[in-house]
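Residues per chain are reported as follows:
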Amino acid sequence: MAEHTRHRIRARYTDTTVTVYQAYAPRIGLPAARDGRFPAAWKRERMTWIKPSFLWMMYRCGWGAKEDQETVLAVEITREGFAWALEHACLTWYVPGLHGDQADWRRDLKQAPARVQWDPERGVRLQPLPYRALQLGLSGEAVRRYADEWITGITDVTPLAHAIHGLVRAGDTDGARALLPREEEYPEPPGLLDHLRP
């Protein structure tokens, strides 16, 4: 599989929004889903990671069973905001030929309001797949824009996570796959990821 093909964004999206996933303790996640915005207890000073892949989120939060990740949120954000974050992001590791030298990369990473990691995508049993899923870390200006401008809706999808996990544990992987959010290759604008693909 070509590197370009391995590093593609797959997501659930509409003409105006893209869905990303996060998992929080109930004290954060439940008010966020109820009110459509993060509560005051949510720390804007910290980096927050958003993931377009539902199954990568399940891998990260253990199907909503890990401590302080018991509430799984589907956060709809504007495609314009998503594009802004990617345009202003830096890869989390140095790639010769993409960044110049390591000092340039370290400077860019420190200054960037967003950063990108590509981690192995996961299957319904959370096994690694031969292509990569995007993780997008937001800090500083990107966090403020995310919380105040980009979010159009927040849904608690913890029951869905538990239902899919229950089917997987029962051996019904076809039934589990049928419940998964439909994610397709994201129609990225030309050149959007050129500085983010290793």
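Check the entry above for the structure.
The notes below deal with the structure included here. (Residues numbered from 1 in each chain as written. Predicted model: local features only at pLDDT ≥ 70, side-chain atom pairs only at ≥ 80, totals over all residues. Heavy atoms only, no water.)

**Overview of the overall build of the protein chain**
- Check the secondary structure of the protein chain and you find eight helices and nine strands.
- What you see for the protein chain is a C-alpha radius of gyration of 17 Å, in line with the 16 Å of a compact globule of 198 residues.
- Across its three principal directions, the C-alpha atoms of the protein chain cover 50 × 45 × 35 Å.
- A sequence separation of at least 24 residues applies to 75% of the contacts in the protein chain between residues at least 6 apart.
- Summed over its atoms, the accessible surface of the protein chain is roughly 9900 Å², and 48% of this surface lies on carbon and sulfur atoms.
- Here the protein chain carries 27 positive and 26 negative side-chain charges, and the mean point of each set is 4 Å from the other. (Helix = DSSP H or I, 4+ residues; strand = E, 2+ residues; numbered from the N terminus. Rg over C-alpha atoms; globule rule 2.2 N^0.38 Å. Contact = heavy atoms within 4.5 Å. Areas by Shrake-Rupley, 256 points an atom, 1.4 Å probe, with all protein chains shown as cover. Lys, Arg positive; Asp, Glu negative; His and termini not counted. Charge placed at Lys NZ, Arg CZ, Asp CG, Glu CD.)

**Comments concerning the packing of helix H4 (residues 79–87) against helix H6 (residues 141–150)**
- Where H4 contacts H6, the axes come no closer than 11 Å and their chain directions differ by 175°. The angle between H4 and H6 falls in the class roughly antiparallel. Packed against H4, whose contacting residues are Gly81, Trp84 and Ala85, the element H6 presents Glu141, Ala142, Arg145 and Trp150 at the interface.
- Counted by class, the contact of H4 with H6 contains four nonpolar, one polar and two charged residues. (Axes fitted to C-alpha atoms, helices over the stretch in contact; angles between N-to-C directions. Parallel < 35°, antiparallel > 145°, perpendicular 65-115°, else oblique. Nonpolar A, V, L, I, M, F, W, Y, C, P; charged D, E, K, R; others polar.)

**Topic: the pairing of strand E2 (residues 17–24)**
- Buried residues dominate E2, accounting for eight of its eight residues.
- Judged by which residues are buried, E2 turns out to be covered on both faces: Thr17, Thr19, Tyr21 and Ala23 on one side and Val18, Val20, Gln22 and Tyr24 on the other are all buried.
- Examined bridge by bridge, E2 and strand E4 (residues 71–78) share eight bridges and lie antiparallel to one another. Each bridged residue has a counterpart across the sheet, and for Val18 the counterpart in E4 is Ile77. (Buried < 20%, exposed > 50% of the residue type's maximum accessible area, 1.4 Å probe, protein only. Pairing = 2+ DSSP bridges.)

**Brief notes about the sheet that holds strand E5 (residues 89–91)**
- Pairing in this open sheet of four strands is mixed, and the strands run E3-E7-E6-E5 from one edge to the other. Two strands in the sheet have a free side with no partner beyond their single neighbour: strand E3 (48–50) and E5. The mean inter-strand angle of the sheet, taken between neighbouring strand axes irrespective of direction, is 40°.
- Most of the contacts of helix H3 (residues 54–61) go to strand E6 (residues 114–122), to which it runs at about 90°, and overall it touches E6 and strand E7 (128–138).

**Thoughts on the packing of aromatic side chains**
- As enumerated under the stated definition, the model contains nine aromatic pairs in all.
- Plain terms: the ring middles of Tyr21 and Phe54 are 5.4 Å apart, the flat faces sit at 80° to each other, and that makes the pair edge-to-face. Taken as a pair, Tyr21 in strand E2 and Phe54 in helix H3 lie far apart in primary sequence, 33 residues in all.
- According to the relative accessible area criterion, Tyr21 is buried, its value standing at 2%. (Phe/Tyr/Trp six-rings, centres within 6.5 Å; stacked < 30°, edge-to-face > 60°.)

**Considering the pattern of salt bridges**
- Counted under the stated rule, the structure contains ten salt bridges.
- In this structure, Arg145 engages Glu141 in a salt bridge whose closest nitrogen and oxygen atoms are separated by 2.8 Å. A residue pair is termed a helical-turn pair when its members lie 3 or 4 positions apart in one helix, as Arg145 and Glu141 do in helix H6 at four residues.
- Two residues, Glu184 and Arg182, come together in a salt bridge whose shortest N-O distance is 3.1 Å.
- Within this structure, Arg8, Glu185, Glu188 and Arg197 form a network of salt bridges that share partners. (Salt bridge = Lys/Arg side-chain N within 4 Å of Asp/Glu carboxyl O.)

**Here's the deal with H4**
- Of all nine residues that make up H4, seven are buried, and the element is covered over most of its length.
- Buried-residue contacts for H4 involve E2, E4, E5, E6, E7 and H6.

**As for the nonpolar core**
- By size, the foremost hydrophobic cluster in this structure holds 37 residues, and its most contacted members are Ile77, Leu86, Leu136, Leu138 and Tyr146.
- No other element matches the five residues that H6 contributes to this core.
- Among all residues touching Leu136, those that are not within four sequence positions of it are Thr48, Trp49, Ile50, Phe82, Ala85, Leu86, Ala89, Ala114, Arg115 and Val116.
- Of all hydrophobic cores here, the second largest spans 17 residues; its members include Phe54, Trp63, Leu126 and Val168. (Core = buried A, V, L, I, M, F, W, Y, C linked by side-chain atoms within 4.5 Å.)

All quantities given are derived from atomic positions and should not be read as evidence of function.
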